[in-house]
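Structural characterization, general
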Amino acid sequence: MLTRRIFSVGELTSYLASLMEQDPLLQNVWVRGEVSNLRLHSSGHLYLTLKDSTSTMRCVMFRSRAARLTFAPQNGMRVLARGYVAVFERDGQYQLYLEELQPDGVGALFIAFQQLKQRLSEEGLFEPARKRPLPWLPRKIGIVTSPQGAVLQDMLTIIRRRCPGVDIVVAPAAVQGELAPAQIAGGLARLNELPDVEVIIVGRGGGSLEELWAFNTEEVARAIFQSRVPVISAVGHETDYTIADWVADCRAPTPSAAAELVVPNITDLYARLTDLQIRLGRGIRWQLAKQRQNLISLANQASLVLQQTVKQQRQQLTHLERQLRSNMAGFLARKGAILKVLTGRLEALSPLGILSRGYSICRDYYSQTIIRASHQTAVGGRVEVILHRGGLICKVEEVKEEPWCQKNM
């Protein structure tokens, strides 16, 4: 009778696990399937199930590997998974421990590009309304690119040839590789700290999607979005489009095109200024001639109006003069009559009138005091007698106390 060996559950599970560990095929295997039951644990581990039309397989990707994914897996997505198969002894189930995960049929970078583009678009980073116009003639230009290679030199040559007086500040940065996103974002931040930088060019020459990937990262996109000055994205060739192109205020098809776009051609400016000067002079002469004609017309009109006004005023003045003469004649006549009456009254009261009737006025010769009574003088005194015509200087021979009129009566 054969001896039976009885395994415990744990022993059999361990045995099966050891068999899987010894199979080289299961230690590095590729599996195609559809993602389901996707779950990202708070620890950073990624749990999912791969399935096809006949079976399912549990998978786990530890945090260190999951952090390197360039795209975000989603339920229903077909993927290619690489890893090793092992038994999870606690549950007695085998699992695929993922080392690598990529979309099936479409590159992981392209998936990541589409996913980030959609998310940033939903956040409003691509809105045309927020894009700012470029300064027409910037005084200082910032450039974020690699200091090595022909791209920077080409841009410097073109800018200095087109507009020699413009200042240029270069923020050197790696434009591909793991360090590139942080250095590009840092270069943008440093240039934004300079108060006189008016526009920034960020870019590099052409390359594959992997070589241009730094400009498809969220870090660079948000650095461009947060820039206080307009940003020109000049990445790759004319057919290359990156996330940076969508976020930037302006996209140039190439770095050289960005250099031509950022400043005007000084020769064209001189030609434009000359043309404007000619047009300005012509316009000024035309305006002067037009205003001269207007002035002559206004002068003629003013002359006619002035003549008419003078004529009317002269007529009015003549009329007023006649009225004044008539009023003055009436006034003088009335005043003459009054004067005549008053003169008659005055003459009646005037001492000269009394003198003309034979009376005289006697006054002291020395004091000129009028003598009204005989006691105001004495014998031998000198008196002046004023007559109607002339006068007499007399010496008093006799003073009579009684009025002469009483004696003669």
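Calculation rules
- Residues numbered from 1 in each chain as written.
- Predicted model: local features only at pLDDT ≥ 70, side-chain atom pairs only at ≥ 80, totals over all residues.
- Heavy atoms only, no water.
- Helix = DSSP H or I, 4+ residues; strand = E, 2+ residues; numbered from the N terminus.
- Rg over C-alpha atoms; globule rule 2.2 N^0.38 Å.
- Contact = heavy atoms within 4.5 Å.
- Areas by Shrake-Rupley, 256 points an atom, 1.4 Å probe, with all protein chains shown as cover.
- Lys, Arg positive; Asp, Glu negative; His and termini not counted.
- Charge placed at Lys NZ, Arg CZ, Asp CG, Glu CD.
- Axes fitted to C-alpha atoms, helices over the stretch in contact; angles between N-to-C directions.
- Parallel < 35°, antiparallel > 145°, perpendicular 65-115°, else oblique.
- Nonpolar A, V, L, I, M, F, W, Y, C, P; charged D, E, K, R; others polar.
- Salt bridge = Lys/Arg side-chain N within 4 Å of Asp/Glu carboxyl O.
- Buried < 20%, exposed > 50% of the residue type's maximum accessible area, 1.4 Å probe, protein only.
- Patch = residues over 30% accessible without salt bridge, like charges linked within 9 Å, V, L, I, M, F, W, Y side chains within 5 Å.
- Pairing = 2+ DSSP bridges.
- Arc of directions from axis to C-beta.
- Core = buried A, V, L, I, M, F, W, Y, C linked by side-chain atoms within 4.5 Å.
- Left-handed = near helix turned anticlockwise from the far one by under 90°.

1. A short note on the overall build of the protein chain
In terms of regular secondary structure, the protein chain is built from twelve helices and 13 strands. For 409 residues, the compact-globule estimate of 2.2 N^0.38 gives 22 Å, and the C-alpha radius of gyration of the protein chain, at 62 Å, exceeds that figure by more than 25%. Judged by the C-alpha coordinates and their principal axes, the protein chain covers about 220 × 60 × 40 Å. Contacts spanning at least 24 positions in sequence make up 59% of the contacts within the protein chain whose residues lie at least 6 apart. Of the accessible surface of the protein chain, which amounts to about 27,000 Å², a share of 56% is contributed by carbon and sulfur atoms. Side chains of the protein chain give 49 positive and 38 negative charges; the mean places of these two sets differ by 18 Å.

2. What to know about the packing of helix H6 (residues 180-193) against helix H7 (residues 218-225)
In a packed pair of helices, the relevant descriptors are the angle between the two axes and the axis-to-axis distance. Direction vectors running N to C along H6 and H7 enclose 10°, while the axes themselves pass 8 Å from each other. By the angle between their axes, H6 is roughly parallel relative to H7. Residues Pro-181, Ala-182, Ile-184, Ala-185 and Leu-188 of H6 form the contact with H7, whose participating residues are Glu-219, Val-220, Ala-223 and Ile-224. Classifying every residue of the contact of H6 with H7 gives eight nonpolar, no polar and one charged.

3. Focus: unusual backbone geometry
In terms of backbone geometry, most residues other than glycine have negative phi values and most peptide bonds are trans. Although it is not a glycine, Asn-37 sits at a positive phi angle of roughly 50°. Topologically, Asn-37 is positioned in strand S1 (residues 29-40).

4. Points about the pattern of salt bridges
Side-chain pairs of opposite charge can arise where the charged atoms are in close proximity. Within this structure, the stated rule accounts for 13 salt bridges. For Arg-272, the salt bridge goes to Asp-275, with nearest N and O atoms at 3.7 Å. Note that Arg-272 and Asp-275 are positioned in helix H10 (residues 266-349) at a spacing of three residues, about one turn of the helix. Given the relative accessible area of 33%, Asp-275 is considered partly exposed.

5. Some details on a nonpolar patch on the surface
Together, Phe-7, Leu-12, Tyr-15, Leu-16 and Leu-19 make up a nonpolar patch on the protein surface, roughly 450 Å² of accessible area in all. The topology assignment puts Leu-19 in helix H1 (residues 9-22).

6. Re the environment of Gly-390
On the secondary structure map, Gly-390 appears in the loop between strand S12 (382-386) and strand S13 (391-395). For Gly-390, a relative accessible area of 55% puts it in the exposed group. Taking the C-alpha atoms as reference points, Gly-390 and Tyr-365, 25 residues apart in sequence, are found 15 Å from one another.

7. Some words on the sheet that holds strand S2 (residues 46-51)
Taken in spatial order, the five strands line up as S1-S2-S3-S5-S4 and close into a barrel, and their pairing is mixed. Across the sheet, the mean angle separating the axes of adjacent strands is 55° when strand polarity is ignored. On the sheet, H1 packs against strand S4 (78-88) and strand S5 (93-103) and is oriented at approximately 130° with respect to S4.

8. Considering H7
Taken together, the buried positions of H7 are Val-220, Ala-221, Ala-223 and Ile-224. All buried residues of H7 lie within an arc of 165° about the axis, which places them on one face of the element.

9. Focus: the nonpolar core
Counting 56 residues, the largest nonpolar core has Leu-50, Leu-96, Val-144, Ile-184 and Ile-224 as its most contacted members. Among the elements that make up this core, the one with the highest residue count is helix H4 (residues 108-123) (six residues). Excluding residues within four positions of it along the chain, Val-144 makes contact with Ala-171, Ala-173, Ile-184, Gly-187, Leu-188, Leu-191, Ile-200, Ile-201, Val-202 and Gly-203. By size, the runner-up hydrophobic cluster in this structure holds 20 residues, among which are Ile-141, Ile-159, Ala-257 and Ala-258.

10. Digging into the packing of helix H5 (residues 150-162) against helix H9 (residues 255-262)
Across the interface, H5 lies against H9 with an axial gap of 9 Å and an inter-helix angle of 25°. Overall, the two elements H5 and H9 adopt an arrangement that is roughly parallel. Crossing of H5 over H9 shows right-handed handedness. For the pair formed by H5 and H9, the contact residues are Val-151, Asp-154, Met-155, Ile-158, Ile-159 and Arg-162 on the first element and Pro-255, Ser-256, Ala-259, Glu-260 and Val-262 on the second. Of the residues belonging to the contact of H5 with H9, the class tally is seven nonpolar, one polar and three charged.

11. With respect to the pairing of S4
Working note: regular strand, side chains alternate between the two faces of the sheet. Of the strand pairs in this sheet, S1 and S4 are connected by six bridges, and their pairing is antiparallel. Bridge pairing links Arg-32 to Leu-80 in S4. Sheet topology note: the S4/S5 ladder contains ten bridges and is antiparallel. Bridging from a neighbouring strand, Val-85 pairs with Leu-96 of S5. Connecting S4 to the antiparallel partner S5 that follows it, the hairpin turn spans four residues, and Gly-92 within it adopts a positive phi of roughly 65°.

12. Observations concerning the environment of Gly-92
By the element assignment, Gly-92 lies in the loop between S4 and S5. Classification of Gly-92 as partly exposed rests on a relative accessible area of 47%. Residues Gly-92 and Gly-76, spaced 16 residues apart in sequence, show a C-alpha to C-alpha distance of 27 Å. Not counting chain neighbours up to four residues away, the residues in contact with Gly-92 comprise Thr-13 and Val-87.

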